[in-house]
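Next come the chains, spelled out residue by residue.
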Amino acid sequence: MVDQQSSSRLLGPAEIRELAEAHGIMPTKKLGQNFVHDAGTVRKIVAKAGVTPGQVVLEVGPGLGSLTLGLLEAGAIVEAVELDGGLARALPSTVAARGGDWASRLFVVNMDALDLRASDLPQAPGALVANLPYNVAVPILLTALANLPSLESALVMVQREVADRLVAPKGSKTYGAPTVKLAWYGPSSRVGIVGPNVFWPRPNVDSALVRTTVSSTSRGDTELRDATFALVDAAFEQRRKMVRASLRNLIPDGVELGRMFADAGICPEARPEALEIDDFVALAQAWVQR
């Protein structure tokens, strides 16, 4: 249960616009900025993420601080990574003004999340919870999962179309490289839909929440992961072809390709969308062990 004092600390539409005006900030399409201004939506995201008091949470693209305040309200230690220098400078003062003692649990890092490494953060985060910019959502999510081995879960809000690709079923038209790569890290599911009315500026599309539970088995062999992802990219670059044909640009030797498929127990005439992450891993294992 959230008390009345805590409720008043979160941001609404008027507060979002006041903060933006006070700090001279205008949302840009280039950075994919759409700020959440609904406290109910913020708490829904935090609840779906399963945030617990004392948990170290990575937030990418905190913007004006809507979700940041919600995470702090839940007792999290928040490491907020923000590319926009103006927003990064404004966030601590916003939290101090509205959250009071919450400010001691906020750490702001002004950098591009695509360059983020564990050494850039003061503590190892256990969860990623973020409203990701539409234009770079998938690269940011995959980069964080690859570079931050401490992550045990991720709950991201992305454009609904992107969410559909991330959790697409095998064999569907939306099933592709992002789906398979995310599956390397563990099972993912869509856990909510968010309409456009809770954002400023208002986007023209719905958003969705995608939750990933990171598997301990994904921590291992980076060489195998890189080989798997290379095969995935090559396969889906020409998704209408049989996998054997689509991989020829990466592995021109037909004999080697044949051996790989035989060792992996996979039909070379299958289409890329018929293969799951385990199939690509088996092909990659046969490739790196040559």
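Bear in mind the structure is a predicted one, so any value in this text is a computation, not a measurement.

Asker: Which residues make up the sheet that holds strand β4 (residues 106–110), and what are the values?
Answerer: With mixed pairing, the seven strands of this open sheet are ordered in space as β4-β3-β2-β5-β6-β9-β7. One side of each edge strand has no neighbouring strand; the edge strands of this open sheet are β4 and β7 (188–194). If you compare each strand with its neighbour and ignore which way they point, the axes differ by 20 degrees on average. Relative to strand β9 (residues 207–213), β7 runs antiparallel, the two being bridged by six bridges. For valine 194, the partnering residue across the bridge sits in β9 and is serine 207.

Asker: Before we move on, can you summarise the side chain of threonine 94 with the specific residues and values?
Answerer: Summarising the element assignment, threonine 94 is placed in helix α5 (residues 85–99). By relative accessible area, which is 5% here, threonine 94 ends up buried. Excluding anything up to four places from it in sequence, threonine 94 contacts Leu19, His23, Leu64 and Gly99.

Asker: Outline the nonpolar core, supporting the account with residue identities and numerical values.
Answerer: Counting 62 residues, the largest nonpolar core has Leu128, Leu132, Leu141 and Leu231 as the members making the most contacts within it. In contact with leucine 132, not counting residues within four places along its chain, are Val60, Ala137, Ile140, Leu141, Val156, Met157 and Val158. In this structure, Ile25, Val36, Val78 and Leu209 belong to the second largest nonpolar core, which totals 36 residues.

Asker: Lay out the environment of threonine 217 in plain terms, naming residues and giving numbers.
Answerer: Secondary-structure assignment places threonine 217 in the loop between β9 and α9 (222–237). Note on threonine 217: relative accessible area 67%, which makes it exposed. It is 8.0 Å that separates the C-alpha atoms of threonine 217 and tyrosine 185, two residues lying 32 residues apart in sequence.

Asker: Quick one: what's the story with helix α12 (residues 277–288), residue by residue and with numbers?
Answerer: With 12 residues, α12 extends 16 Å between its outermost C-alpha atoms, agreeing within 8% with the 16 Å of an ideal straight helix rising 1.5 Å per residue. Within the sequence span of α12, burial applies to Ile277, Phe280, Val281, Ala282, Leu283, Ala284, Ala286 and Trp287. Against the buried residues of α12 lie α8 (177–185), α9 and α11 (254–264).

Asker: If you had to explain the side chain of histidine 37 to someone new, which residues and values would you point to?
Answerer: Relative to the helices and strands, histidine 37 resides in the loop between β1 (35–36) and α3 (39–49). A polar atom in the side chain of histidine 37 sits 3.3 Å from the backbone oxygen of asparagine 197. Excluding its chain neighbours within four sequence positions, the residues that come into contact with histidine 37 are Leu11, Gly12, Pro13, Ile16, Asn197, Val198, Phe199 and Trp200.

Asker: Any details on helix α2 (residues 13–22)? Residues and values, ideally.
Answerer: Inspection of α2 places Ile16, Leu19 and Ala20 among the buried residues, and these make up the whole buried set. Down the axis of α2, the buried set is contained in an arc of 100 degrees. They therefore lie on one face. Turned more than 90 degrees off the buried face of α2, the exposed positions are Glu18, Glu21 and Ala22. The inward-facing, buried residues of α2 contact β1, α4 (66–73), α5 and β8 (199–200). A positive phi of about 65 degrees marks glycine 24, the residue just after α2.

Asker: Can you explain the packing of aromatic side chains? Please cite residues and give values.
Answerer: For the structure shown, the criterion picks out five aromatic pairs. Ring pairing ties together the aromatic residues Tyr175, Phe236 and Phe280, which thus form one cluster. When the ring centre of tryptophan 102 is taken as reference, the NZ or CZ atom of arginine 9 above it lies at 4.4 Å.

Calculation notes
- Residues numbered from 1 in each chain as written.
- Predicted model: local features only at pLDDT ≥ 70, side-chain atom pairs only at ≥ 80, totals over all residues.
- Heavy atoms only, no water.
- Pairing = 2+ DSSP bridges.
- Helix = DSSP H or I, 4+ residues; strand = E, 2+ residues; numbered from the N terminus.
- Axes fitted to C-alpha atoms, helices over the stretch in contact; angles between N-to-C directions.
- Buried < 20%, exposed > 50% of the residue type's maximum accessible area, 1.4 Å probe, protein only.
- Contact = heavy atoms within 4.5 Å.
- Core = buried A, V, L, I, M, F, W, Y, C linked by side-chain atoms within 4.5 Å.
- Expected span 1.5 Å × (residues − 1).
- Polar contact = N/O pair within 3.5 Å; in protein donor to acceptor, adjacent residues only side chain to side chain.
- Arc of directions from axis to C-beta.
- Phe/Tyr/Trp six-rings, centres within 6.5 Å; stacked < 30°, edge-to-face > 60°.
- Lys NZ or Arg CZ within 6 Å of the ring centre and 35° of its normal.

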